[in-house]
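# Structural description and commentary
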Amino acid sequence: MRPACRSTSHPQAPDNARSCPFRGRRPGRFAALPSMSTLKQRLARVIPYFRDNSRGALALACAAMVVAAATEPAIPYILKHLLNSGFKDTAGLPIWSVPLAIVVLFVIRGMSWWVSSYGLTKASQNAVLAVREHMFAHMLRAAPALFTRNSASSITNNIVYEIQTGANLLMGSVQILIRDSLTALFFVGYLLILNWRLTLFVVVLFPIVGYLVRVVSKRLHKLNVAGQNATDELAYVVEENVLAWRIVRLHGAARQEQRRFDNSSRLMRSLNIKQQASGSLMTPITQVLASFALAAVLWMALAESTRSHGTPGDFIAFITCMLLLIQPAKHLSDVMAPLTRGTAAMERGLDMMELVPVESGGKLAPGRVKGDIEFREVGLRYTARDSDEAPDGTLVAALSDVSLTIRAGETVAFVGPSGAGKTSLVNLLPRFVEPTSGDILIDGAPIRDYTMDALRTQFALVSQDVVLFNDSVAANVALGADADRARVRDALAGANLLDFVLTMPGGIDAQIGHNGTQLSGGQRQRLAIARAIYKDAPILILDEATSALDSESERAVQAALEVLMKGRTTLVIAHRLSTIEHADRVVAMDHGRIVEQGPHAALLASGGLYARLHAMQFRGA
Ligand SMILES: Nc1ncnc2c1ncn2[C@@H]1O[C@H](COP(=O)(O)OP(=O)(O)O)[C@@H](O)[C@H]1O
Ligand SMILES: [Mg+2]
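Residues numbered from 1 in each chain as written. Chains lettered and ligands numbered in written order. Predicted model: local features only at pLDDT ≥ 70, side-chain atom pairs only at ≥ 80, totals over all residues.

### Let's talk about the overall build of the chain
- Along the chain, the regular secondary structure elements total 22 helices and 10 strands.
- Taken over 621 residues, the chain has a buried fraction of 37%.
- Long-range contacts, defined here as pairs at least 24 residues apart, represent 79% of the contacts in the chain between residues at least 6 apart. (Helix = DSSP H or I, 4+ residues; strand = E, 2+ residues; numbered from the N terminus. Buried ≥ 20, exposed ≤ 12 C-beta atoms within 10 Å, placed from the backbone. Contact = placed C-beta atoms within 7 Å.)

### Describing the packing of helix H17 (residues 485-494) against helix H19 (residues 521-535)
- Direction vectors running N to C along H17 and H19 enclose 130°, while the axes themselves pass 8 Å from each other. Considered as vectors, H17 and H19 are oriented oblique to each other. You can see that H17 and H19 cross each other, and the crossing is right-handed. Contacts from Arg487, Val488, Ala491, Leu492 and Gly494 in H17 reach Ala530, Ile533 and Tyr534 in H19. (Axes fitted to C-alpha atoms, helices over the stretch in contact; angles between N-to-C directions. Parallel < 35°, antiparallel > 145°, perpendicular 65-115°, else oblique. Left-handed = near helix turned anticlockwise from the far one by under 90°.)

### Thoughts on the sheet that holds strand E3 (residues 411-415)
- Here six strands make up an open sheet; going across it, the order is E6-E7-E8-E3-E9-E10 and the pairing mixed. Each edge of the open sheet is held by one strand with a lone partner, namely strand E6 (459-463) and strand E10 (593-598). Recorded for the sheet is a direction-independent mean angle of 15° between the axes of neighbouring strands.
- The pairing of E3 with strand E8 (residues 569-573) spans four bridges and is parallel. Directly across from Thr411, in E8, lies its bridge partner Thr570.
- The strands that H19 touches are E6 and strand E7 (539-543); relative to E6, the one it contacts most, it runs at about 175°. (Pairing = 2+ DSSP bridges.)

### A short note on helix H4 (residues 97-141)
- Here H4 is 45 residues long and its end C-alpha atoms lie 65 Å apart, about the 66 Å a rise of 1.5 Å per residue gives.
- Of all the residues in H4, the buried ones are Ser112, Ser116, Gly119, Leu120, Ala123, Ser124, Ala127, Val128, Val131 and Met135.
- Buried-residue contacts for H4 involve helix H1 (39-51), helix H2 (55-71), helix H6 (152-194) and helix H13 (336-354). (Expected span 1.5 Å × (residues − 1).)

### Digging into the site of ligand 1
- Around ligand 1, a shell composed of 13 residues is seen, among which Tyr382, Ala398, Lys422, Thr423 and Ser424 lie nearest.
- Elements represented by at least two residues in the shell around ligand 1 include exactly strand E2 (395-406) and helix H14 (422-428).
- Ranked by residues supplied to the shell around ligand 1, first place goes to H14 with three residues.
- Partitioning the shell around ligand 1 into residue classes produces five nonpolar, six polar and two charged. (Near = placed C-beta within 6 Å. Nonpolar A, V, L, I, M, F, W, Y, C, P; charged D, E, K, R; others polar.)

### Description of the nonpolar core
- The biggest cluster of nonpolar side chains holds 71 residues, and the ones touching the most others in it are Ala413, Phe414, Val477, Ile529 and Ala530.
- The element best represented in this core is H19, accounting for seven residues.
- Residues lining this core come from more than one domain, with at least three contributed by each of domain 2 (373-458 + 537-620) and domain 3 (470-535).
- Every residue in contact with Ala413, bar those within four places of it in the chain, is listed here: Val572, Ala574, Ile580, Ala583, Val586 and Val587.
- Ranked by size, the runner-up nonpolar core spans 66 residues in total, among them Val131, Val202, Val297 and Ala317. (Core = buried A, V, L, I, M, F, W, Y, C linked by C-beta atoms within 7 Å. Domains from an automatic or database assignment.)

### A short note on the confidence of the model for the chain
- Scored by pLDDT, the chain has a mean of 83; 89% of the residues are at 70 or more.
- The low-confidence segment residues 1-35 (pLDDT under 50) makes 59 contacts with residues lying over four places distant or belonging to another chain. (pLDDT = per-residue confidence, 0-100.)

### Here we look at the sheet that holds E2
- One open sheet holds the four strands; their spatial order is E2-E1-E4-E5, and the pairing between them is antiparallel. Edge positions in the sheet fall to E2 and strand E5 (445-446), since each of these pairs with one other strand and no more.
- Judged from the five bridges that link them, strand E1 (residues 373-383) and strand E4 (residues 437-442) form a sheet pairing that is antiparallel. Along E4, the bridge assignment pairs Glu374 with Leu441.

### Section: the pairing of E7
- In terms of burial, E7 is largely enclosed, as five of its five residues are buried.
- Pairing geometry for E6 and E7, over five bridges, is parallel. Counterpart to Ser463 in the pairing with E7 is Asp543.
- Relative to E8, E7 is paired through five bridges, and the arrangement is parallel. Of the residues in E8, the one forming a bridge with Leu542 is Val572.

### Observations regarding the environment of Glu434
- As for its position among the elements, Glu434 is in the loop between H14 and E4.
- Separated by 52 residues in the primary sequence, Glu434 and Tyr382 place their C-alpha atoms 9.8 Å from one another.

### Comments concerning the environment of Thr286
- For Thr286, the position within the fold is in helix H11 (residues 282-307).
- Through-space distance from the C-alpha of Thr286 to that of Ile208 is 9.6 Å; in sequence the pair is 78 residues apart.

### Quick word on the pairing of E10
- The sheet contact formed by strand E9 (residues 585-590) and E10 spans five bridges and is antiparallel. Within E10, the residue paired with Met589 across the bridge is Ile594.
- Between E9 and E10, which follow one another and run antiparallel, lie two residues, and His591 among them has a positive phi close to 45°.

### Topic: the packing of H6 against helix H12 (residues 312-334)
- Viewed as axis vectors pointing N to C, H6 and H12 meet at an angle of 160°, and their least axial separation amounts to 9 Å. Looking at the two axes, H6 sits roughly antiparallel to H12. Helix-helix and strand crossings are classified by hand; for H6 and H12 the assignment is left-handed. Together, Ile176, Asp180, Ser181, Thr183, Ala184, Phe187, Tyr190, Leu191 and Leu194 of H6 and Asp314, Ala317, Phe318, Cys321, Leu324, Leu325, Pro328, Ala329, His331 and Leu332 of H12 make up the contact between the two elements.
- Split into classes, the residues belonging to the contact of H6 with H12 amount to 14 nonpolar, three polar and two charged.

This is how it looks when you write it as structure tokens:
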């Protein structure tokens with residue numbers, strides 16, 4: 001359950017960010033973050049998802065924003081004329097035309113506002129859809145490293161929540177960026193018309209604001225990334241405790257878990273406070289700067305009006321315009337927080353996917369193979385998880401120099417103490433793990449040459465941990481294919497489960513529920529066996545397939561398995577040695593090596609590892 005890159009319980013363990021890029025991405029470790037690219041580069045990665053899916057909607061939104069912004073200077077303009085004429089002259093128009101103009105103005109502005117929001121929402125939802133589908137599709141085909149590097153909760157969090165939040169924030173920011181810069185532009189334009197010297201004086205202040213915004217946005221980005229990692233960490237603690245609630249209670253680990261949770265929560269709290277604090281620093285700073293501008297303008301305007309003849313209307317229009325300019329300027333200075341947060345959120349999703357490539361297979365797609373298997377000097381080393389024996393990142397040998405030939409149709413049993421490498425060995429076949437050295441061939445062709453689909457159709461796998469989907473029994477048995485009801489029944493009958501399934505409401509259409517928790521361990525395992533029978537693959541892998549069964553159902557299932565094994569190449573890993581006496585050959589493994597192999601009787605007679613394991617089990621039983 002614990003993903004390889006986590007080390008919450010060993011915070012003192014040496015950090016090896018190189019061998020596991022995700023290790024460094026933990027809250028509070030800014031130093032370990034990948035070098036920070038500029039906001040522009042980061043945006044360039046994200047923007048195409050918005051642009052390419054919604055050109056029309058974006059164009060419409062932009063047009064609407066131009067219209068909305070253009071209406072803004074109209075108020076100071078109207079004021080100026082009313083003031084200059086002493087509220088007497090409406091340029092020959094009827095009295096009611098001015099109030100009407102104001103209403104019309106606001107109707108136009110409101111409509112444009114709505115259209116721009118609609119267009120941007122559409123663009124953002126299209127982007128979310130595109131990114132999410134891309135991410136999920138990638139997840140389904142990604143190299144297995146994706147799942148060892150990331151916890152389930154962080155993948156879920158990214159695909160389900162972060163992308164949505166990120167896109168919403170981004171589009172909100174884009175709206176502010178475009179609309180308010182346009183508004184500001186129109187105001188500044190009008191200001192220039194009114195009094196260009198005064199305006200130039202005010203404009204000098206802009207670079208100062210720009211610099212401040214840059215500084216704050218850098219810090220915000222760091223805090224955002226750290227905040228997302230903290231969210232992951234928190235979700236991860238919750239996920240673990242949801243999955244392991246029984247063990248947590250049985251071991252009285254509640255207090256310990258609470259402490260873990262509290263630590264993560266506190267970290268998140270402080271990051272959020274820092275984020276908020278940095279983000280909201282911008283408003284007071286810009287406002288103070290704005291007050292400088294206003295003070296200076298007033299001063300100059302007053303000094304100037306004594307010399308020249310600026311009308312009161314001009315002056316009021318100028319001041320109104322400036323005051324109105326504060327609002328968009330403030331929005332623009334605040335936009336950095338959501339913009340960086342949104343970009344970071346979306347980027348993280350993209351990162352998670354792009355850092356792990358898609359599984360790549362070869363071109364060979366031969367249909368059904370005969371089932372000859374050959375391991376040639378296969379070695380496998382795992383990158384260690386944090387533990388006391390091996391610091392994180394070191395390679396631990398799980399298999400060394402394994403050479404083994406299995407003929408089509410043969411049944412080979414693997415035995416050995418736990419940790420000997422049996423599961424690792426069979427996991428190599430469908431390429432759930434890649435060997436570090438050596439070759440693996442099926443029907444004489446290296447498995448790397450097969451397409452992924454062609455390779456994986458060759459195997460049916462029944463293992464200790466059975467995963468069931470929240471769907472009907474039939475769908476679980478026929479997993480991946482359309483359910484042929486007659487064959488589903490046959491498969492269930494073969495696995496000695498049909499009688500039970502028929503007692504369920506709905507029979508083979510009965511819903512199994514969340515990971516089949518209402519089924520017993522043995523029933524779950526028999527369902528997995530039915531799934532293997534249904535798949536009818538030429539190579540069968542049974543990894544402790546009968547370990548959850550009681551002796552009676554094991555005998556029944558054993559009979560089913562024997563029928564299933566006929567005509568197939570079978571690799572059986574069995575805990576109970578009594579179940580493998582009929583295998584053609586027994587391979588005994590220890591410490592990642594094959595120590596002996598041969599028929600059951602011969603191995604017993606030779607008095608090696610197998611004989612010892614056998615003696616131990618039958619003495620005890
Ligand atoms: N994903 C993994 N990451 C790191 N080490 C692993 C991983 N899977 C298995 N190992 C290690 O490889 C060795 C062999 O494990 P495994 O093949 O599961 O043995 P068996 O099935 O014979 O009990 C063990 O030492 C185990 O700790
Ligand atoms: Mg195992």
